[in-house]
Amino acid sequence: MKKRMAIMLICVLVLLGALVGFNLFKAAMIKKFMAANSAPPVTVSSIKASYQTWQPQLSAVGSLRAVRGVNVTTEIAGLVREVHIKSGSHVKAGQVLVQLNADSDIAQLHALQAQADLAQTVYNRDKKQYELKVIAKATLDADEANLRSTRAQAAQQAAIVEKKTIRAPFSGRLGITTVNPGQYLNPGDMIVTLQDTDTLYADFTLPQQDFSKLAIGQTVALQNNTYAGKTFTGKITSINPLVDTATRNVQVEAEIDNRAGKLLPGMYATVKVDVGTPQRYLTLPQTAITYNPYGATVFIAKPGAKPNAQGKTMPTAQQVFVTTGATRGDQVAIEKGVTEGEEVITSGQLKLKNGTPLIINNSVLPADSPNPTPQEQ
């Protein structure tokens, strides 16, 4: 009986040992299977968080205009006799641009001048007679009034003759003219545009809340897509004392030196005004930030803790919350959540979660420019 009990006990122990061994083998196989089927690594790009110095700026889009610019017209009607200009040429103040036919006006001027000369002769003769008490004072007064009237008529006619010669009101560069000899011009008809482009005004508007940051003499930086990467400088010369009630914007005028002739009136330009003192911020590209209803987050590349199935230790992703601040172009300031030198993922975040192994490839990086410009494809 005792022998049977011993055999039964041995069988029970063997069976329990087999069950335990099977469970241990099963757990080991599951662990091996899970290790072999862990999340595959994700290829991402990254950047090390670093501090940059930002100059606070006010930005606006403005329009350029000449300090002196005008469309030259004729004040009186007339037939074009001579055109003394060439399209696109430079002229000086007072230079003759167009001569209208003034033959009949000149003839009438000569007639009026002759009448004025005769009135002067009569007045001089009657004045001597009046001194001799030969004529009455009323006769001399009438002679004087007639002399002044004829002189005024001659001066008026001389002004008309002068208006038939159209001159440049100031020095500058001419535009394209289509006026030809023999053409009849009516008052107000444009002959040519004249622009003094040595100095230009940049007109732009800023919100009223920025008014306190503006001052006469502040330096402005102007950029135009005609000259990519080139900056033109100027100074604020005037601030409109009236705020537009429709937009609540204030108009600002800045003077730009354009003696090189690179800019033209009518161009648009991006204007930036430096305000305040430079600030130091920890910055990241805007693509590194993931905005969610519960806050903004970034993924940081942390050193791997253990090797994978292939025996290679790879960095892993860790998601952290951040507090963002001011933005500048493609960059955003980070106030809290990231420290200087940490490696932050800048692309590929949609495939990541905590612990995802990473393959970092920075051959192609997202934009990180403080002054981005549109890129043509």
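Attention in this report is confined to the structure presented alongside it. This is a predicted model, so every value here is computed, not measured. (Residues numbered from 1 in each chain as written. Predicted model: local features only at pLDDT ≥ 70, side-chain atom pairs only at ≥ 80, totals over all residues. Heavy atoms only, no water.)

Take the overall build of the chain next. When its secondary structure is counted, the chain shows three helices and 21 strands. Expected size for 377 residues packed as a compact globule is a radius of gyration near 21 Å; at 44 Å, the chain overshoots this value by more than 25%. Here the C-alpha coordinates of the chain stretch approximately 185 × 45 × 30 Å along the principal axes. Within the chain, buried positions represent 31% of all 377 residues. Long-range contacts, defined here as pairs at least 24 residues apart, represent 76% of the contacts in the chain between residues at least 6 apart. Of the side-chain charges in the chain, 38 are positive and 28 negative, and the distance between the mean point of each set is 22 Å. (Helix = DSSP H or I, 4+ residues; strand = E, 2+ residues; numbered from the N terminus. Rg over C-alpha atoms; globule rule 2.2 N^0.38 Å. Buried < 20%, exposed > 50% of the residue type's maximum accessible area, 1.4 Å probe, protein only. Contact = heavy atoms within 4.5 Å. Lys, Arg positive; Asp, Glu negative; His and termini not counted. Charge placed at Lys NZ, Arg CZ, Asp CG, Glu CD.)

Here the focus is the sheet that holds strand E7 (residues 165–167). Strands in a sheet are paired, the pairing made by backbone hydrogen bonds, and the direction either parallel or antiparallel. Read across the sheet, four strands follow the order E7-E6-E4-E9 without closing on themselves; strand pairing throughout is antiparallel. Two strands close off the open sheet at either side, each with one partner strand: E7 and strand E9 (184–185). (Pairing = 2+ DSSP bridges.)

Looking now at the environment of Lys336. Mapped onto the fold, Lys336 is located in strand E19 (residues 331–336). Here the alpha-carbon distance between Lys336 and Val243, two residues 93 residues apart in the chain, equals 38 Å.

Before going further, it helps to spend a moment on helix H3 (residues 137–163). The first and last C-alpha atoms of H3 sit 39 Å apart over 27 residues, in line with the 39 Å expected at 1.5 Å per residue. Those residues of H3 hidden inside the fold are in contact with helix H2 (103–131) and E7. (Expected span 1.5 Å × (residues − 1).)

What follows is about the side chain of Thr177. Turning to its location among the elements, Thr177 is positioned in the loop between strand E8 (172–174) and E9. Using a relative accessible area of 15% as the deciding quantity, one classes Thr177 as buried. A polar side-chain atom of Thr177 sits 3.3 Å from the main-chain amide nitrogen of Val179. (Polar contact = N/O pair within 3.5 Å; in protein donor to acceptor, adjacent residues only side chain to side chain.)

Bringing H2 into the picture now. The terminal C-alpha atoms of H2 lie 42 Å apart, and with 29 residues this matches the ideal 42 Å at 1.5 Å per residue to within 8%. All of the buried residues in H2 are Asp105, Leu109, Leu112, Ala116, Ala119, Tyr123 and Asp126. Residues of H2 that are buried in the fold lie against H3. Remark: Lys133 follows H2 within two positions and exhibits a positive phi of approximately 65 degrees.

This part is about the packing of aromatic side chains. Going through the model one piece at a time under the given rule, you end up with three aromatic pairs. For the ring pair Tyr294 and Phe321, a centre distance of 5.9 Å and an interplane angle of 75 degrees mean the geometry is edge-to-face. Taken as a pair, Tyr294 in the loop between strand E16 (290–292) and strand E17 (295–302) and Phe321 in strand E18 (residues 316–328) lie far apart in primary sequence, 27 residues in all. The exposure classification of Tyr294 matches that of Phe321, with both residues exposed. Above the face of the Tyr51 ring, Arg280 is positioned so that its terminal group lies 4.2 Å from the ring centre. (Phe/Tyr/Trp six-rings, centres within 6.5 Å; stacked < 30°, edge-to-face > 60°. Lys NZ or Arg CZ within 6 Å of the ring centre and 35° of its normal.)

Negative phi values dominate among residues other than glycine, just as trans dominates among peptide bonds. A positive phi angle is found at Lys133, which is not glycine, with a value near 65 degrees. Summarising the element assignment, Lys133 is placed in the loop between H2 and H3. By relative accessible area, Lys133 is classed as exposed at 69%. For Arg248, which is not a glycine, the phi torsion comes out positive at approximately 60 degrees. Here Arg248 shows up in the loop between strand E12 (231–243) and strand E13 (249–257). Look at Arg248 and you get partly exposed, because its relative accessible area is 45%.

Within the secondary structure, Gln195 sits in strand E10 (residues 190–207). Sequence-wise, Gln195 and Gln129 are 66 residues apart; in three dimensions their C-alpha atoms are separated by 59 Å. If we skip the residues at most four places from it in the chain, Gln195 touches Ala66, Arg68, Gly69, Val70, Gly172, Arg173 and Pro265. At a separation of 3.0 Å, a polar atom in the side chain of Gln195 contacts the side chain of Thr193.

What follows covers the nonpolar core. Formed by 24 residues in total, the largest nonpolar core has its most connected members in Phe204, Leu214, Leu222, Leu263 and Val273. The set of elements that each furnish at least two residues to this core consists of strand E3 (57–73), E10, strand E11 (219–223), E12, E13 and strand E14 (268–274). Aside from chain neighbours lying at most four places away, what touches Leu222 is Leu64, Ala202, Lys230, Thr231, Phe232, Ile256, Leu263, Ala269, Thr270 and Val271. Grouped together as the second largest cluster of nonpolar side chains are 16 residues, Val80, Val91, Val179 and Val192 included. (Core = buried A, V, L, I, M, F, W, Y, C linked by side-chain atoms within 4.5 Å.)

Here we come to a nonpolar patch on the surface. Residues Leu9, Leu13, Leu15, Leu16 and Leu19 make up a contiguous nonpolar surface patch of roughly 500 Å² in combined accessible area. Relative to the helices and strands, Leu16 resides in helix H1 (residues 2–36). According to the relative accessible area criterion, Leu16 is partly exposed, its value standing at 46%. (Patch = residues over 30% accessible without salt bridge, like charges linked within 9 Å, V, L, I, M, F, W, Y side chains within 5 Å. Areas by Shrake-Rupley, 256 points an atom, 1.4 Å probe, with all protein chains shown as cover. Salt bridge = Lys/Arg side-chain N within 4 Å of Asp/Glu carboxyl O.)

Next up on the list: the pattern of salt bridges. One pass over the full model with this rule turns up twelve salt bridges. A salt bridge links Arg65 to Asp203, with the shortest nitrogen-to-oxygen separation between them at 2.4 Å. Taken as a pair, Arg65 in strand E3 and Asp203 in strand E10 lie far apart in primary sequence, 138 residues in all. Classification of Arg65 by relative accessible area gives partly exposed; the value is 33%. Sharing partners across several salt bridges, the network here consists of Arg65, Asp203 and Glu253.

Purely geometric stuff here, so don't read any function into it on its own.
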